[in-house]
Amino acid sequence: MKPGRPVLNMATLYQISNDGYSIERWDIDEESVVVGRSGQAQVSVEDEGLSRRHFLIVHDGEGYVLKDLSSRNGTWLDGRRIFAEKLHHHDRILAGNTLFLFADPAAVPPTVRGPRKGPHGTVMLTALKSALA
């Protein structure tokens, strides 16, 4: 896991602010990543709603799995409380009061990667305010 700019064929975890912008980003490779408020977590976030070791992201073959680490407030994936769940490109993770966005461009088929087009070639934008920019 490396902070900073994304590397090709590597997943990225973004911390998203209340107004929808990316605050911080972490590149995730094949090593497991613990997220929590402890300074010993690979992704450490100051949020009293987070447990010291809140959740784990594990590389599992060709994809990634999100696992709750018996956190006090639970881990939520796209609005559902989870204990272990496969992650997909653009999944939203809520832990404590912190929102994360998981991005794995390598998992998106090439036909889906380009911008969506509407009638007459109009480019359609997503509602999230460019967390991947």
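Residues numbered from 1 in each chain as written. Predicted model: local features only at pLDDT ≥ 70, side-chain atom pairs only at ≥ 80, totals over all residues. Heavy atoms only, no water.

1. Re the pattern of salt bridges
The line we're drawing: A carboxyl oxygen of Asp or Glu within 4 Å of a side-chain nitrogen of Lys or Arg is what we treat as a salt bridge. Three exposure classes are used, based on accessible area relative to the maximum for each residue type with a 1.4 Å probe and protein chains only: buried under 20%, partly exposed in between, and exposed over 50%.
Taken as a whole, this structure holds two salt bridges when the rule is applied. Between Glu-85 and Arg-80 there is a salt bridge whose closest N-O contact spans 3.3 Å. A relative accessible area of 30% means that Glu-85 is categorised as partly exposed.

2. A closer look at the pairing of strand E6 (residues 55–60)
Here is the rule we go by: When DSSP locates at least two bridges between a pair of strands, those strands are taken to pair. Working definition: helices are DSSP H or I runs of at least four residues, strands are E runs of at least two. Numbering for both runs from the N terminus.
Where strand E4 (residues 33–36) lies against E6, three bridges are found, and the strand directions are antiparallel. Bridge pairing in E6 links Val-34 to Leu-56. By the bridge criterion, six bridges tie E6 to strand E7 (residues 63–68) in an arrangement that is antiparallel. The residue of E7 that forms the bridge with Val-58 is Val-65.

3. So, the sheet that holds strand E5 (residues 43–44)
Reading across the sheet, the five strands line up as E5-E4-E6-E7-E10 and stay open at both edges, with mixed pairing between neighbours. The sheet is open, and its two edges are formed by E5 and strand E10 (84–86), each paired on a single side.

4. So, unusual backbone geometry
One non-glycine residue, Ser-70, lies in positive phi territory at about 55 degrees. Of note in the backbone geometry, Asp-78 takes a positive phi value of approximately 50 degrees without being a glycine. Tracing the chain through its elements places Asp-78 in the loop between strand E8 (75–77) and strand E9 (80–82).

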